[in-house]
Amino acid sequence: MGDYTKEAILQMAEEEDVEFIRLQFTDMFGTLKNIAIPYSKLEKAMDNQCVIDASSIEGFIRNEEADMYLYPDLSTFTILPWRPQQGKVARFICDIYKEDGTPYQESPRYILKKVIQKAKEKGYTLMVDPECEFFLFHTDDNGMPTTKTHEKAGYMDLSPIDLGENARRDMVLTLEEMGYDIESSHHEIAPGQHEIDFEYSGTMETADKIVTFKTAVRTIAKRHGLHATFMPKPRAGVNGSGMHVNMMLMKDGKNIFTDKSDELGLSKEAYAFMAGILNHIKGMTAICNPLVNSYKRLAPGFEAPSEITWSSRQRTALIRVPYRKEEGTHLELRSPDASSNPYLVLALCLAAGIDGIEKNMQAPLELKRSIRKLTKQEKEELGIDSLPENLSEALKEFKEDSLVQEVLGQNFSKCYLKAKKEEWLNYMEQVSEWEIEQYLYRV
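All values reported here derive from a predicted model rather than from experimental measurement. (Residues numbered from 1 in each chain as written. Predicted model: local features only at pLDDT ≥ 70, side-chain atom pairs only at ≥ 80, totals over all residues. Heavy atoms only, no water.)

1. Let's talk about the side chain of Ser413
Stated precisely, the cut-off is as follows: Helix and strand definitions follow DSSP, with helices as H or I runs of at least four residues and strands as E runs of at least two, each counted in order from the N terminus. Each residue is assigned to one of three classes by its accessible area relative to the maximum for its type, calculated with a 1.4 Å probe on protein chains only: buried under 20%, partly exposed between the two thresholds, exposed over 50%. Contacts: residue pairs with any heavy atoms within 4.5 Å of one another.
Take Ser413: it is sitting in helix H12 (residues 410-428). On the accessibility criterion, Ser413 (1% relative accessible area) is buried. Those residues in contact with Ser413, other than ones at most four positions away along the chain, are Phe398, Gln405 and Leu408.

2. A closer look at the sheet that holds strand E2 (residues 32-38)
Where we set the bar: Note on pairing: DSSP must find at least two bridges between two strands before they are called paired. Axes, fitted as lines to C-alpha atoms, cover a helix only where it is in contact. Angles between the N-to-C directions of the axes lie from 0 to 180 degrees.
The five strands lie next to each other as E2-E1-E5-E4-E3, forming an open sheet whose pairing is mixed. Two strands bound the open sheet, and with one partner strand each, they are E2 and strand E3 (50-53). Neighbouring strand axes in the sheet, compared pairwise and without regard to direction, differ in orientation by 40° on average. The pairing of E3 with strand E4 (residues 67-79) spans four bridges and is antiparallel. Across the sheet, residue Ile52 finds its bridge partner in E4, namely Met68. Running at roughly 140° to strand E5 (residues 88-97), helix H5 (residues 203-223) makes contact with strand E1 (18-26), E2, E4 and E5 of the sheet.

3. A short note on a nonpolar patch on the surface
Going by this rule: For patch detection, residues must exceed 30% relative accessible area and be free of salt bridges, and they are connected within 9 Å for like charges or within 5 Å for nonpolar side chains (Val, Leu, Ile, Met, Phe, Trp, Tyr). Each accessible area is a Shrake-Rupley estimate made with a 1.4 Å probe; only the visible protein chains count as cover when residues are assessed. For this analysis, a salt bridge means a side-chain nitrogen from Lys or Arg found within 4 Å of a carboxyl oxygen belonging to Asp or Glu.
A surface patch of nonpolar side chains, about 460 Å² in accessible area, is lined by Val431, Ile436, Leu440 and Tyr441. Inspection of the secondary structure assignment puts Val431 in the loop between H12 and helix H13 (433-439).

4. Topic: H5
Short version of the rule: Every helix has an expected span of 1.5 Å times one less than the residues it contains.
Taking 1.5 Å per residue as the helical rise, H5 with its 21 residues ought to reach 30 Å, and the 31 Å between its terminal C-alpha atoms agrees with that figure. Across the 21 residues of H5, 15 count as buried, placing the element largely inside the fold.

5. Here's the deal with the packing of helix H3 (residues 108-121) against H5
The line we're drawing: Throughout this description, any angle smaller than 35 degrees is read as roughly parallel, any larger than 145 degrees as roughly antiparallel, any in the 65 to 115 degree range as roughly perpendicular, and the remainder as oblique. When the near helix sits turned anticlockwise from the far one by under a right angle, the crossing is termed left-handed; a clockwise turn instead gives a right-handed crossing.
Following both chains from N to C, one finds H3 and H5 inclined at 160°, their axes separated by 10 Å at the closest point. The orientation of H3 relative to H5 falls into the category roughly antiparallel. H3 and H5 meet at a crossing whose hand is right-handed. Along its contact with H3, which presents Arg109, Leu112, Lys113 and Ile116, the element H5 presents Thr203, Met204, Ala207 and Asp208.

6. Observations concerning the pairing of E5
Across the ten residues that make up E5, a large majority, ten, are buried. Across the two faces of E5 the burial is the same, with Lys88, Ala90, Phe92, Cys94 and Ile96 and Val89, Arg91, Ile93, Asp95 and Tyr97 all buried. One ladder, built from six bridges, connects E1 with E5; its direction is parallel. Paired with Gln24 across the strands is Ile93, a residue of E5. Alignment of E4 against E5, held across seven bridges, turns out to be antiparallel. Bridge pairing in E5 links Tyr69 to Tyr97.

7. Considerations on the environment of Tyr343
With respect to the helices, strands and loops of the structure, Tyr343 is situated in helix H8 (residues 342-358). Separated by 44 residues in the primary sequence, Tyr343 and Leu387 have C-alpha atoms spaced 21 Å apart. Sequence-distant contacts of Tyr343, defined by excluding residues within four places in its chain, comprise Thr26, Ile93, Pro108, Arg109, Leu112, Met204, Ala207, Asp208 and Val211.

8. Observations concerning H3
Taking 1.5 Å per residue as the helical rise, H3 with its 14 residues ought to reach 20 Å, and the 20 Å between its terminal C-alpha atoms agrees with that figure. The set of residues buried in H3 consists of Pro108, Arg109, Tyr110, Ile111, Leu112, Val115 and Ala119. Positive phi shows up at Gly123, right after H3, with a value of about 95°.

In structure tokens:
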């Protein structure tokens, strides 16, 4: 992300032959929306004069006051590399404002901005490194996505077994052209599954990058005749796709998660931050795992976490403490998936962690044994609780967590809860092929 002035953007757009500019924002669920304007209206857009009718967008008010103003964040100006080289297309990510010049409170980006500002007032800055997983599948003769892949590659395999290597390489090159600092990319555990990791950046910058990343990955995949999906569990019997969130909390330019005298290299602030997330994770889950399908990924038996634990040894823990990395000490929250709205996920992670620090919360004992080898009785004796098993359970926890409600706001929470309850009820009305196979001939 650049530190641009209006004049610099106008000059850049002219020199690069930019003809269209996309003014982008997300709805309640993190779906990227936009309007496109010609170059002649660029100055008007940067003067915050572009209006949208938000009445039909999820999570926005639906009444006569539905007109909203797009305020482009100049630092997000990017020329999209996959668009034409003559008559190029650029984009801004925008904040949403009401007609009276006040921010729209239910905008996901504004919700995150408020949490960042509160943390900043207390001296804290959160640095984030997401690990975004996705599947590459074939399309059918009509160009529609399938769940088929011809490859048999596994974790960190390479070509010729990894048939998606060329597509993944082009994704990385495209992202770097857009200013991303890519740490690594590799094939994941399941056939057709891939991962691209960013370097650490600020909370808002990371959220902006994630929504753009998903669009870039899908676009490049389509060029290769493939479909990229961030659906958490598109195929049964294999690992699902997550969006692990690696976090470092900074104060006065230093990572305050680090304490070299601790066995794991963690400070008391790190333990308290972790305890805050563990304390609120049930209420956060409806945001971190927002789909009916999300809970298929979190089902026991695969690498995704299903219990509320932390560990420096067990990769199936909810929060993992990677090996001691001196000033790079960080916490990895492993439950979120990329179907979530990154603005809301990061807002809740930061707010819950700081709540833990301010209340001096104590983290539970570290999980040192494989959770898969513990009996139900042993889990109860160790005080190990579980994540919600489905979207309905998650929505109940969401409603009861006062911190989650405070961060998101009453109106947003009410609207989100209503939409997700409808999704759950629609799902419950369906009869699956599995049910037909299991019961039609036996009952």
